[in-house]
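# Structure at a glance
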Amino acid sequence: MTYDVRNKKMVDKIRKVHGIEQSTGIIKQGGCKMGESYWNGAQAAHRRVMMKAAGYSDEDIRKKPHIGVPNSYMAGSPGTAHLRQVTEAVKEGIWAAGGIPVEFGIPATCGNMANGADEMKYEQVGRDIVAMSIEFVSRVHNFDAICCVASCDLIIAGCYLAACRLDIPAMVVTGGSMQAGNHCGQTVVEADLDAARFSGASEEELFDMEECVCPSFGACPSMGTANTMQMLGEVLNLVMPGTSTIPASDNARLRAARTAGKYMVQLAKSGRTPKDLITKEVLENAIMFDMAVAGSTNAVLHILAYAYELGIKITLADFEKYAKEIYCINAVIPSGPYTVVDFHYAGGVKNVMKQLESKLHTEAPTIYGNTWGELLETVKGEPNKVIHSLEDPVAKEPGLKILRGNISPAGAIVRPTAVYEEVKYIKGAAKVYECDQDAYKAIMNGEIVPGDILVIRYEGCKGAPGMKELMLSIDALIGLGLDKKVGLITDARFSGFNYGAIVGHVSPEAYDGGVIALIKNGDKIEMDIAGGTVNLLVSDEELAERKKSWIRPPLKQQKGVLNIYAQNCRPAEEGGAMQPWALDADYGYHHE
């Protein structure tokens, strides 16, 4: 039957059936935020029919908050291959609490697949791709809230970025950590396999190690980017406290996922969004936490990007400030001998926050709406062999440090707790390479000798493009025992697995004409990690002459997503995300 909407009687009948007040258009029946005007009434028939065709009931569609559930399941990685089951638990919780879950897939990768290959530069861009994917689906389907399920590296980082951008109630449920392996009676993690490869292990020996180094689902159990970001989710009020590091093999992981789904509905109804829950004080707490746990240097990029997305001014100066106050108290690999599984059972994130309580902004909000001070009153965390106290740190230096100097006037990053004493100060001759692969060949050909400082450039945000992780060269240095004898500086990134005198995120990058682009073979470089400096020992006059003859190379990628990224990303010292807008830009999206 075709209705003539000009017929007032018919319009009145439709309004009566659907509970719409003629004067206001507001739904009488309760329900989700958008359900009051978006899912009810004749004007919403075309929406309801699509949901019904997908199997949802009329009552659910009209009355319950619609929760998007972005699932980063991907069969080809231990960090994501178990997420279907985790996502089912989340959806069960949402249904149980009176919500309507709408699951959809988002891109996911395992960075190890591209380790050593040029395609590694896609990983950083993946953060933006994931965020845009969630933004796209969530806007078209007008979800009341989102509850992402993610584990690893740039994927979980992209989920957090999406939450900041959408500014609807949002949570993330993590996939947890992998168990450590056991090889010949020794605890091993994936990074040990890489070291064995470059140490000359045979294929047969590597095969034996492969069989046991990654024995379960979950994120690799050292302080890599994956676990760093899972942990930071609790501090950023996007992950439920106490749950981020539950091992993937522990059934508490599923119970926590179900509980998170239930709380997601409560959060959706409360209307609290990331703009309410991620304040400047919360971001500063995240910086302090990252210093304390010696998290991946990639976390610096992510915290900066979240701040920018939220219109909050956070700079590397904030990291420098807290590096002077907070020493590393986390003895997880590579800053100590323990794994993230050990970290979880030693009290996890809440115990670290308890040890930091005297330094934190305890008046900052939690995901529950109370303050961190109130939450920490309920935490009975004690220092232990994995998580130390501030008075008895693992090392009397911060987990991360910003280096300045003429090579990096806008900043560079190092993880001091992963640098051997022998190379915390080094002055040596530069060996310059234009990409990771060229440096790797030189290392394997014996061209790098003790005292050298490798310079790997044009691997930054624009130069790569994509700001590649230099896994290949650094693993080779570790495998050959050169990590205690040489230094390395680059405008690229590092994996959280890496260690040695490696300084990354040098800015301005080579592609932008930074001093790193002007370094020549044989130039003397001084790296002083304790002093916080990295300098090229060449006069300003000579550098000015070199700059006159420098020519910016063409972008390495002339089309595709890497080209788009290079033309729209912010510099590394501002997070390196595709955010070409002003800090105070308005989203311009207002649902009526």
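A quick note: this is a predicted structure, and the numbers were derived from the prediction, not measured.

Procedures and definitions
Residues numbered from 1 in each chain as written. Predicted model: local features only at pLDDT ≥ 70, side-chain atom pairs only at ≥ 80, totals over all residues. Heavy atoms only, no water. Helix = DSSP H or I, 4+ residues; strand = E, 2+ residues; numbered from the N terminus. Buried < 20%, exposed > 50% of the residue type's maximum accessible area, 1.4 Å probe, protein only. Contact = heavy atoms within 4.5 Å. Areas by Shrake-Rupley, 256 points an atom, 1.4 Å probe, with all protein chains shown as cover. Patch = residues over 30% accessible without salt bridge, like charges linked within 9 Å, V, L, I, M, F, W, Y side chains within 5 Å. Salt bridge = Lys/Arg side-chain N within 4 Å of Asp/Glu carboxyl O. Lys, Arg positive; Asp, Glu negative; His and termini not counted. Charge placed at Lys NZ, Arg CZ, Asp CG, Glu CD. Pairing = 2+ DSSP bridges. Axes fitted to C-alpha atoms, helices over the stretch in contact; angles between N-to-C directions. Parallel < 35°, antiparallel > 145°, perpendicular 65-115°, else oblique. Left-handed = near helix turned anticlockwise from the far one by under 90°. Disulfide = S-S within 2.5 Å. Core = buried A, V, L, I, M, F, W, Y, C linked by side-chain atoms within 4.5 Å. pLDDT = per-residue confidence, 0-100.

### Topic: the overall build of the protein
Across its full length, the protein carries 21 helices and 14 strands. Burial analysis of the protein (592 residues in total) assigns 60% to the buried set. Expressed as a percentage of contacts within the protein between residues at least 6 apart in sequence, the contacts between residues at least 24 apart total 74%. Of the roughly 23000 Å² of accessible surface on the protein, 51% is carried by carbon and sulfur atoms.

### A short note on unusual backbone geometry
Only a minority of non-glycine residues have a phi that is not negative, and only a minority of peptide bonds are not trans. Here A464 and P465 are connected by a cis peptide whose omega angle stands at -15°. Along the chain, P465 falls in the loop between β10 (453–456) and α19 (471–479). The residue after S507, namely P508, is reached through a cis peptide bond having omega 5°. Here P508 lies in the loop between β12 (501–507) and β13 (524–528). In this model, D153 sits at a positive phi of 40°, which is unusual for a non-glycine residue. Residue placement: D153 occurs in helix α6 (residues 153–166). Although it is not a glycine, A294 adopts a positive phi angle of roughly 50°.

### Considering a negative patch on the surface
The grouping of E203, E204, E205, D208, E210 and E211 at the surface amounts to a negative patch. Within the secondary structure layout, E211 lies in helix α8 (residues 203–213).

### Some details on the environment of L304
Structurally, L304 can be placed in helix α13 (residues 298–309). Classification of L304 by relative accessible area gives buried; the value is 2%. Sequence-wise, L304 and M264 are 40 residues apart; in three dimensions their C-alpha atoms are separated by 26 Å. Non-local contacts of L304, meaning those with residues more than four positions away in its chain, are made with I314, T315, L316, F319, A572, E573, E574 and G575.

### Description of the sheet that holds strand β3 (residues 145–150)
Reading across the sheet, the four strands line up as β2-β1-β3-β4 and stay open at both edges, with parallel pairing between neighbours. Only two strands of the sheet have a single neighbouring strand rather than two, namely β2 (100–105) and β4 (170–174). The average undirected angle you get between the axes of adjacent strands in this sheet is 20°. Pairing geometry for strand β1 (residues 66–71) and β3, over three bridges, is parallel. From the neighbouring strand, G68 faces β3, where its bridge partner is I146.

### Notes on the side chain of S335
Mapped onto the elements, S335 comes out in the loop between α14 (316–323) and α15 (340–345). According to the relative accessible area criterion, S335 is buried, its value standing at 13%.

### Observations regarding the packing of helix α9 (residues 225–235) against helix α16 (residues 348–355)
Interhelical geometry of α9 versus α16 gives an angle of 60° and a closest axis separation of 10 Å. Considered as vectors, α9 and α16 are oriented oblique to each other. Read as a crossing pair, α9 and α16 show a hand that is right-handed. Between α9, through M231, E234 and V235, and α16, the contact on the second element is made entirely by V349, K350 and M353.

### Topic: the pattern of salt bridges
Counting across every chain of the model gives 25 salt bridges. A salt bridge links K63 to E59, with the shortest nitrogen-to-oxygen separation between them at 3.8 Å. With K63 and E59 both in helix α3 (residues 58–63), this residue pair falls four residues apart, about one helical turn. Across the pair K354 and E357 runs a salt bridge whose closest N-O atoms are separated by 3.4 Å. The class of K354 is partly exposed, set by a relative accessible area of 23%. A relative accessible area of 26% places E357 in the partly exposed class. Among the ionic contacts, a cluster of salt bridges with common partners joins D118, K121, E459 and K468.

### A short note on the sheet that holds strand β8 (residues 411–414)
Taken in spatial order, the eight strands make up an open sheet running β7-β8-β12-β11-β10-β9-β13-β14, and their pairing is mixed. Sheet topology places β7 (401–403) and β14 (533–536) at the edges, where each strand pairs with a single neighbour. If you compare each strand with its neighbour and ignore which way they point, the axes differ by 30° on average. Two elements, β8 and β12, share two bridges in a ladder whose sense is antiparallel. Bridging from a neighbouring strand, I413 pairs with G504 of β12.

### A few points about the state of the cysteines
Enumeration over the complete set of coordinates arrives at zero disulfides. Of the cysteine sulfurs around C159, a residue in no disulfide, the closest is that of C148, at 4.1 Å. Residue C159 is classed as buried on the basis of its relative accessible area, which comes to 0%.

### Focus: the nonpolar core
If you look at the biggest cluster of nonpolar residues, it comprises 86 residues, and the most contacted ones within it are I134, Y160, L236, F289, F319 and V352. Counting residues per element, this core draws most heavily on α6, at ten residues. Apart from residues lying up to four places away in sequence, F319 is in contact with I287, M291, V300, I303, L304, I314 and I402. Listed in part, the 33 residues of the second largest apolar core include A412, A430, V455 and I516.

### What about the confidence of the model for the protein?
Averaged over every residue, the pLDDT of the protein is 92; residues scoring 70 or more account for 93%. Within the model, pLDDT remains below 50 along residues 1–31, and this stretch shows 36 contacts once partners closer than five positions in the same chain are excluded.

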